[in-house]
Amino acid sequence: MTILSATLTEVLIPLAAIIGIAFALYQWYLVSFISVSPAAKSEDDGCAEEHLLEEADGPEKVVKCAEIQEAISLGANSFLLTEYKYLGAFLGAFAIIIFLFLGSVKNFSTSKQKCVYDTSAECAPALVTAAFTTVAFILGVLTSVLSGYLGMKIATYANARTTLEARKGVGKAFITAFRSGSVMGFLLAASGLFVLYIAINLFKIYYGTEWEGLFEAITGYGLGGSSVALFGRVGGGIYTKAADVGADLVGKVERNIPEDDPRNPAVIADNVGDNVGDIAGMGSDLFGSFAESSCAALVVASISSFGTEHDFTAMCFPLLISSMGIIVCLVTTLFATDFYEINDTKQIEPTLKRQLIISTILMTLGILLVCYLALPSYFHIYNMGSTPRGVHWGLFFCVAVGLWAGLIIGYTTEYFTSNAYSPVQDVADSCRTGAATNVIFGLALGYKSVIIPIFAIAVAIYVSYSIAVFYGVAVAALGMLSTIATGLAIDAYGPISDNAGGIAEMAGLSHSIRERTDALDAAGNTTAAIGKGFAIGSAALVSLALFGAYVSRASLSTVDVLSARVFIGLIVGAMLPYWFSAMTMKSVGKAALSMVEEVRRQFNTIPGLMEGIASPDYATCVKISTDASIREMIPPGALVMLTPLIVGILFGVQTLAGVLAGALVSGVQIAISASNTGGAWDNAKKYIEAGNSEHARSLGPKGSDAHKAAVIGDTVGDPLKDTSGPSLNILIKLMAVESLVFAPFFAAHGGLLFKI
């Protein structure tokens, strides 16, 4: 028995979610006090010194900021609505496939069937479970879409406000950007938890205490979330990098104009891309990880003693961990916005990193409390037919090892991508001899950066699996994601600050304001890389947990890599991340080619554009990015979503297990390497541009040969760090959760080629 009663559990989980949503709305409310209207007066206008504007930053510049914000918002809104329209058609068809395939497991029978694990009991008809799985899939899709869309709305709402607050000091601008990021973080974490909990309780009306069928159906929620995340990441990544590459190659390298210069035709598309790729895409990605890790843990728990003994509180242990995470992240956020004040640009990055440390320490204590209150002293976990015994303190170590492994991955990522450390400085120094040596050093850095994260993931897997087999791995993934609200706030802060700097440049604000927004952006680049590290690390644990749930659901007692059926799957699965990366990289290249040609055309044919007396045609560049990303996101998405179906149907559950294992092992390495290589090239360029040290000044200034080589490296790295790398973690998660959802169908009707 647990100390925490089932009734109190049913109150605490939705209460934590509601608190998270309320806190997000309160942060949005505080940001809304900042007006983009030049006539608006602040409540403390008496403080003349604080609100004294430089003459160059008068009311007309405020109006210009508002106009640029509106253009970015309209572009982002238009792209997402177009993307979701195509996505709706594709995923609508996929929902029908889910219902038909799962319903056909027992030939669409409406009669009760024997349970898979407890054969003495009767479970819901396969047709009913198919219907509930389809509903859960649609709920996951809608929640993921909402998470990405709301994230984009707050980011485009806050970018100009951050710019205008920079007139009062870097501290004011930081608080605005961070509060806006926390809106996205808390809305996503809380709404994901709330919808999942409501879905479980609604499904429970039919299933009662038949946990096996209920949580088998709930897996559709994770599949829906990751399906949206895949297309959001790929489509958004293609959009933003096509614009970024076009803007940099023509603007910086050929025309020698600054980044975000209003004369550059691709500059609006570039700023729109920050919101649809780094905000909406990342939001959907981490929502998918949360949903999948929760579903994997719940599936294994349902067939273990938690489920067989009808212990509702212990069953909800994964959700209680997420609930505690929301409260911990709320307290952590106050350290950045209320308890400490930033007065200097050098304090920005330490403040953001302090968020990770504070949330990890507080969450460790929170996990200990949840384990003590919500778990029985002893329990049994299902593992491929056996039920090893576990103890409640063991699960504490499982969750904690995932949590601290995430912190290690985050700090390792920072070391390899921040220009404050020697790896990136070495990459910058290699630019002395041109772009070729820059590319060589950057690739070497990316490969080397894989080592420590993989060891951290390996330790987390070994410890958690040794204690509680695949359930331990699932809750370790939840541990890494338990501070998702803080992680997303830090991650969303980056693109908001980047947009703020772009708006300052385009509006022609004074150099001192641009320096402040550049400082915010520089810290945001590093924290964005940390966010990608968390996403990839959690994806590895989530995928392994889903793999364990799939093996259990497909009734496999063992997966033998020496078997020919498994080994062919293993080697093909290891190839898939390369195929996927090739498709996404080429998609960015094709879109960037069109963008470069259009930007060149405008510079060559619009009289007075370089002189600043004529305006570029921003809309055409926005259209090129939109059309290319919508067109090019379908093939990679289809590759990921169709592979498990084809392999499962033609080759069966054993070969599919090999494919999942191969994709996991290969995909994690490539994702970490690609993301860190791109991040290092980006910050090497910024290191030269900032010129904050004697070494950096010797490589500069902007426009020098070394700087041009750094820009080329950054351009090569753009699709690696913002398209292919981040999308790979969705590939390994999505294939695993899709295989879990369709496992009953593959077990019943799969392996057609081996039956001939």
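Everything numeric in this text was worked out from a predicted model, so none of it was measured.

Undergrad: Sorry if this is basic, but what is going on with the overall build of the protein here?
TA: When its secondary structure is counted, the protein shows 24 helices and four strands. For 756 residues, the compact-globule estimate of 2.2 N^0.38 gives 27 Å, and the protein sits close to it at 25 Å. Scored against the burial criterion, the 756 residues of the protein give a buried share of 63%. Summarising the internal contacts of the protein: among those between residues at least 6 apart in sequence, 84% fall at separations of at least 24.

Undergrad: Where do I start with the packing of helix α1 (residues 6-31) against helix α5 (residues 170-207) in this structure?
TA: Two elements in contact, α1 and α5, have axes separated by 8 Å at closest approach and are oriented at 150°. Looking at the two axes, α1 sits roughly antiparallel to α5. Crossing hand, α1 versus α5: left-handed. The residue makeup of the contact of α1 with α5, split by class, is 17 nonpolar, seven polar and three charged.

Undergrad: Mind showing me how you'd approach the nonpolar core here?
TA: Within soluble globular proteins, side chains that are nonpolar generally end up buried alongside one another. Within the largest apolar cluster, 228 residues are counted, with the highest numbers of intra-cluster contacts made by Phe 174, Phe 306, Phe 317, Ile 348, Leu 395, Tyr 471 and Tyr 550. If you tally residues by element for this core, the top one is α5, at 20 residues. When sequence neighbours within four positions are dropped, the list of residues in contact with Tyr 550 reads Val 653, Leu 656, Ala 657, Leu 660, Ser 739, Leu 740 and Ala 743. Ranked by size, the runner-up nonpolar core spans 18 residues in total, among them Val 427, Cys 431, Leu 445 and Ala 696.

Undergrad: What is the right way to read the packing of α5 against helix α7 (residues 267-302) from this model?
TA: How two helices sit against one another is set out by the angle between their axes and by the gap between those axes. Running from N to C, α5 and α7 cross one another at 35°; their axes reach a closest spacing of 10 Å. Here the hand of the crossing between α5 and α7 comes out right-handed. In contact with Met 184, Leu 188, Gly 192, Leu 193, Leu 196 and Ile 200 of α5, α7 contributes Ile 279, Gly 283, Ser 284, Leu 286, Phe 287, Phe 290, Ser 294 and Leu 298. Of the residues assigned to the contact of α5 with α7, the class counts are 10 nonpolar, four polar and no charged.

Undergrad: Would you explain the confidence of the model for the protein in this entry?
TA: When pLDDT is averaged along the protein, the result is 89, and 96% of the positions lie at 70 or above. The weakest mean pLDDT in the protein belongs to helix α2 (residues 48-51) at 39; the strongest belongs to helix α14 (residues 435-448) at 96. Throughout residues 40-56 the model reports pLDDT below 50, and contacts reaching past four residues in sequence, or to other chains, amount to 13 contacts.

Undergrad: Please clarify how the state of the cysteines should be interpreted in this entry.
TA: Cysteine pairs can be covalently joined through their sulfur atoms, and such a bond is termed a disulfide. Tallied over the entire structure, the rule returns zero disulfides. Left unpaired, Cys 329 is separated from the closest cysteine sulfur, that of Cys 371, by 17 Å. Assessed through its relative accessible area of 0%, Cys 329 is described here as buried. Here Cys 398 is not disulfide-linked; the sulfur of Cys 371 is the nearest cysteine sulfur, at 8.7 Å.

Undergrad: Sorry if this is basic, but what is going on with the packing of aromatic side chains here?
TA: For any pair of aromatic rings, the description consists of the separation of the ring centres together with the inter-plane angle of the planes. Enumeration over the complete set of coordinates arrives at 30 aromatic pairs. Consider the rings of Tyr 29 and Phe 33, whose centres lie 4.9 Å apart with planes at 70°: the pair is edge-to-face. Its relative accessible area of 48% is what places Tyr 29 among the partly exposed residues. With 5.7 Å between their ring centres and 80° between their planes, Tyr 221 and Phe 287 make a pair best called edge-to-face. Remark: Phe 287 occurs in helix α7 and Tyr 221 occurs in helix α6 (residues 211-254); sequence separation between them is 66 residues. In terms of burial, Tyr 221 and Phe 287 fall into one category: buried. Each member of the aromatic cluster is reached from another via a ring pair, and the members are Phe 94, Phe 101, Phe 137, Phe 742, Phe 745 and Phe 746. Across from the ring centre of Tyr 157, 3.8 Å away, lies the NZ or CZ of Arg 161, which sits over that ring.

Undergrad: Where do I start with the pattern of salt bridges in this structure?
TA: With the rule as written, the count across this model stands at 28 salt bridges. Notably, a salt bridge pairs Arg 263 with Asp 261, separated by 2.9 Å at the nearest N-O pair. Accessibility expressed as a relative area gives 6% for Asp 261, which makes it buried. Close ionic contact of Arg 601 with Glu 598 constitutes a salt bridge, the shortest N to O distance being 2.7 Å. Here the residue Arg 601 and the residue Glu 598 both occupy positions in helix α18 (residues 564-605), the gap between them amounting to three residues, near one helical turn. With relative accessibility at 10%, the residue Glu 598 sits in the buried group. One connected set of salt bridges, linked through shared partners, spans Lys 241, Asp 244, Asp 682, Lys 685, Lys 686, Asp 714, Asp 718, Lys 721 and Asp 722.

Undergrad: What should I look at first to understand the environment of Ala 189 in this one?
TA: As for its placement among the helices and strands, Ala 189 is situated in helix α5. Residues Ala 189 and Ala 17, 172 residues apart in the sequence, show an inter-C-alpha distance of 7.8 Å. In this view, Ala 189 contacts Ile 326, Ile 484 and Ala 485; residues no more than four positions away in its chain are not counted.

Undergrad: Can you help me understand unusual backbone geometry in this one?
TA: A cis geometry characterises the amide bond from Gly 700 onward to Pro 701, with omega recorded as 0°. Positioned with a positive phi, Ser 555 is a non-glycine residue whose angle comes to about 60°. Counting through the fold element by element, Ser 555 comes out in the loop between α17 (511-553) and α18.

Undergrad: Can you help me understand a nonpolar patch on the surface in this one?
TA: Judged by side-chain polarity, Leu 8, Val 11, Leu 12, Leu 15, Ile 19, Ile 327 and Val 331 come together as a nonpolar surface patch covering roughly 500 Å² of accessible area. For the nonpolar patch, the secondary-structure elements that each account for two or more residues are α1 and α10 (317-339). Broken down by element, the residue count for the nonpolar patch peaks at five residues, all from α1. Secondary-structure assignment places Val 331 in helix α10. The class of Val 331 is partly exposed, set by a relative accessible area of 34%.

Undergrad: What is the right way to read the environment of Ser 615 from this model?
TA: Relative to the helices and strands, Ser 615 is located in the loop between α18 and α19 (618-632). Put simply, Ser 615 and Asn 264 are 351 residues apart on the chain and 9.2 Å apart in space, counted from C-alpha to C-alpha. Those residues in contact with Ser 615, other than ones at most four positions away along the chain, are Ile 606 and Leu 609.

About the cut-offs
- Residues numbered from 1 in each chain as written.
- Predicted model: local features only at pLDDT ≥ 70, side-chain atom pairs only at ≥ 80, totals over all residues.
- Heavy atoms only, no water.
- Helix = DSSP H or I, 4+ residues; strand = E, 2+ residues; numbered from the N terminus.
- Rg over C-alpha atoms; globule rule 2.2 N^0.38 Å.
- Buried < 20%, exposed > 50% of the residue type's maximum accessible area, 1.4 Å probe, protein only.
- Contact = heavy atoms within 4.5 Å.
- Axes fitted to C-alpha atoms, helices over the stretch in contact; angles between N-to-C directions.
- Parallel < 35°, antiparallel > 145°, perpendicular 65-115°, else oblique.
- Left-handed = near helix turned anticlockwise from the far one by under 90°.
- Nonpolar A, V, L, I, M, F, W, Y, C, P; charged D, E, K, R; others polar.
- Core = buried A, V, L, I, M, F, W, Y, C linked by side-chain atoms within 4.5 Å.
- pLDDT = per-residue confidence, 0-100.
- Disulfide = S-S within 2.5 Å.
- Phe/Tyr/Trp six-rings, centres within 6.5 Å; stacked < 30°, edge-to-face > 60°.
- Lys NZ or Arg CZ within 6 Å of the ring centre and 35° of its normal.
- Salt bridge = Lys/Arg side-chain N within 4 Å of Asp/Glu carboxyl O.
- Patch = residues over 30% accessible without salt bridge, like charges linked within 9 Å, V, L, I, M, F, W, Y side chains within 5 Å.
- Areas by Shrake-Rupley, 256 points an atom, 1.4 Å probe, with all protein chains shown as cover.

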